[in-house]
Amino acid sequence: MTTTQMAREIAEQPAALRRTLDALLPLRPRLAQLADGRRKVLFAARGTSDHAAIYGRYLLETHAGLLGALLSPSVATHYRSRLDLSDCVVVCVSQSGETAEIVESEAWARRCGAVTVAVTNVPGSPLAESAGLALITQAGPELAVPATKSHTTQLAAMAVIGTALAADPEALDSDLARIPAEVQRLLATDVTDAVAGLRDADHVVVSGRGLMLGSALETALKLEETCLRPVRGYSYADFRHGPIAVVTTGVTAVLLAAPDGPLLAPMTELAGDVSARGAVTVGIGGDREFAKACTTHLPGPDVPEPLAPLGAIVPAQVLVEQLTRVLGLDPDSPRGLSKVATTDPRRAAPADPLG
């Protein structure tokens with residue numbers, strides 16, 4: 001079977017992650033200096049980049065003890081509100097570094113008193129040139145429309161930010177060093193049973209919680225944009241609050257869990273509950289008890305919860321790429337999407353799709 005561009009780029013991730021960590025970890029002192037005396041970190045991003053930012057926010061709050069939040073770019077680009085951001089670091093995330101509203105949001109944040117950090121895959125891009133500090137991911141050119149290696153290297157950049165601003169920046173370094181090898185291992189994941197569970201589903205939902213929420217939302221997006229089927233991504237709490245009531249036979253639930261941490265037990269309970277309602281449950285990550293509670297299970301990375309998102313998304317990417325081909329679709333060029341797009345068609349500057 002012909003290898004797709006998406007599959008080739010998924011396979012490039014161990015090397016891309018190694019390059020990115022080697023390039024960005026030495027910048028932690030500059031990040032710490034830039035953020036000195038500022039108590040909040042805000043993230044401006046869209047789509048895939050937004051999912052990386054969600055991870056960055058949780059890592060800052062759970063590991064670094066620093067308040068994080070997601071900034072709404074439309075506040076800057078359409079409402080043009082004047083906010084006091086003098087106590088903030090604003091991290092602007094765009095794969096191309098050309099997303100119009102993210103570039104505009106960075107300029108707006110500076111005018112409002114923030115110091116700014118860019119996370120982009122393109123050196124010399126408008127975002128990289130204008131930010132106070134640019135973290136250039138080392139994914140290399142990405143040709144397939146669905147973002148894979150550019151997303152995982154963004155996650156690596158978030159790990160660099162989250163550790164740089166922690167009391168002990170090197171506390172997770174030994175586990176960070178193992179990430180490329182863990183991703184290499186996960187590339188060989190057999191997703192046959194999971195593909196079957198999703199191929200015939202009438203409805204698909206995806207859920208995760210805490211540090212894994214961004215990966216759950218990214219998985220839902222990848223399933224939707226490449227497989228061309230409606231998929232709903234939920235936080236655990238939102239899913240439990242109401243939508244779980246409609247889960248029954250014909251539904252496939254994809255659940256992502258970290259291998260440890262305080263949210264593993266609730267995710268295991270959710271897997272059992274969803275399965276008891278007649279749904280097919282595809283679990284990614286977690287531990288043995290989580291795997292037993294799922295209909296089918298894909299392994300996750302053997303790293304602590306704070307770094308689990310860097311590897312957990314990889315089996316999901318492999319699953320999506322293979323499912324797309326089983327459905328007779330082209331994962332490299334999903335219908336209706338292009339590698340360059342704009343959030344608002346009336347805005348002329350180019351932007352990368354989904355962040």
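Treat the numbers as computed from the prediction; the structure is a model and nothing was measured.

Draft legend 1. Region of interest: the overall build of the protein. Looking only at helices and strands, the protein features 16 helices and 10 strands. The C-alpha atoms of the protein give a radius of gyration of 19 Å, which matches the 20 Å a tight globule of 355 residues would have. C-alpha extents for the protein along the principal axes are approximately 55 × 45 × 40 Å. Here the protein holds 355 residues, and the buried ones make up 57% of them.

Draft legend 2. Main features of the sheet that holds strand β9 (residues 280-285). Overall, parallel pairing links the five strands, which are arranged β7-β6-β8-β9-β10 in an open sheet. Both outer strands of the open sheet, β7 (231-235) and β10 (296-298), are each paired with one neighbouring strand and no more. On average, adjacent strands in this sheet sit at an angle of 20 degrees to one another, irrespective of strand direction. In this sheet, β7 lies alongside strand β6 (residues 203-208) in parallel orientation, the contact comprising five bridges. Within β7, the position partnered with V205 by the bridge is R232.

Draft legend 3. View of the pairing of strand β1 (residues 40-44). Of all the five residues making up β1, four are buried; the element is thus mostly covered by neighbouring parts of the structure. As judged from the four bridges shared by β1 and strand β2 (residues 67-70), these two strands associate in the parallel manner. Bridge assignment links F43 to a residue of β2, and that residue is L70. One ladder, built from five bridges, connects β1 with strand β3 (residues 88-93); its direction is parallel. Pairing of L42 across the sheet is with V90, part of β3.

Draft legend 4. Focus on helix α12 (residues 213-227). A rise of 1.5 Å per residue sets the reference length of α12, with its 15 residues, at 21 Å; its end C-alpha atoms lie 21 Å apart and thus fit the reference within 8%. By the criterion of burial, α12 is predominantly enclosed, with 13 of the 15 residues buried. Downstream of α12 by a residue or two, L228 has a phi angle that is positive, lying close to 60 degrees.

Draft legend 5. Seen up close, the pairing of β3. Along β3, six of the six residues are buried, which leaves the element largely enclosed by surrounding structure. Across the two faces of β3 the burial is the same, with C88, V90 and C92 and V89, V91 and V93 all buried. Across five bridges, the pairing between β3 and strand β4 (residues 115-120) is parallel. Directly across from C92, in β4, lies its bridge partner A118. One crossover worth recording links β3 to the parallel β4 by way of helix α6 (residues 100-111), and it is right-handed.

Draft legend 6. Looking closely at the nonpolar core. By size, the foremost hydrophobic cluster in this structure holds 75 residues, and its most contacted members are Y55, V91, L135, V206 and L223. With residues up to four places along the chain from it excluded, the contact list for L135 reads L24, L27, L31, V117, A118, V119, T120, A157 and I161. Among the nonpolar cores identified, the runner-up in size contains 19 residues, and V205, Y236, V251 and A253 belong to it.

Draft legend 7. Local environment of the packing of aromatic side chains. The final tally for this structure, using the stated rule, is one aromatic pair. Ring geometry for Y234 versus F239: centroids 5.5 Å apart, planes at 25 degrees, classification stacked. Here F239 falls in the buried class, since its relative accessible area comes to 0%.

Draft legend 8. Representation of the packing of helix α4 (residues 47-64) against α12 within the structure. Closest axis-to-axis distance for the α4/α12 pair is 8 Å, and the angle between their directions is 165 degrees. If you check the angle between α4 and α12, you find them roughly antiparallel. The element α4 and its partner α12 pack so that their crossing is left-handed. Contacts between α4 and α12 pair G47, T48, H51, I54 and Y58 from the former with L213, G214, L217, E218, L221 and K222 from the latter. Tallied by class, residues from the contact of α4 with α12 come to five nonpolar, four polar and two charged.

Draft legend 9. Structural view of the environment of A157. Among the secondary structure elements, A157 is positioned in helix α8 (residues 149-164). A157 sits 91 residues away from L66 along the chain, and the two C-alpha atoms are 17 Å apart.

About the thresholds
- Residues numbered from 1 in each chain as written.
- Predicted model: local features only at pLDDT ≥ 70, side-chain atom pairs only at ≥ 80, totals over all residues.
- Heavy atoms only, no water.
- Helix = DSSP H or I, 4+ residues; strand = E, 2+ residues; numbered from the N terminus.
- Rg over C-alpha atoms; globule rule 2.2 N^0.38 Å.
- Buried < 20%, exposed > 50% of the residue type's maximum accessible area, 1.4 Å probe, protein only.
- Pairing = 2+ DSSP bridges.
- Axes fitted to C-alpha atoms, helices over the stretch in contact; angles between N-to-C directions.
- Expected span 1.5 Å × (residues − 1).
- Right-handed = clockwise from strand over helix to strand, strands pointing away.
- Core = buried A, V, L, I, M, F, W, Y, C linked by side-chain atoms within 4.5 Å.
- Contact = heavy atoms within 4.5 Å.
- Phe/Tyr/Trp six-rings, centres within 6.5 Å; stacked < 30°, edge-to-face > 60°.
- Parallel < 35°, antiparallel > 145°, perpendicular 65-115°, else oblique.
- Left-handed = near helix turned anticlockwise from the far one by under 90°.
- Nonpolar A, V, L, I, M, F, W, Y, C, P; charged D, E, K, R; others polar.

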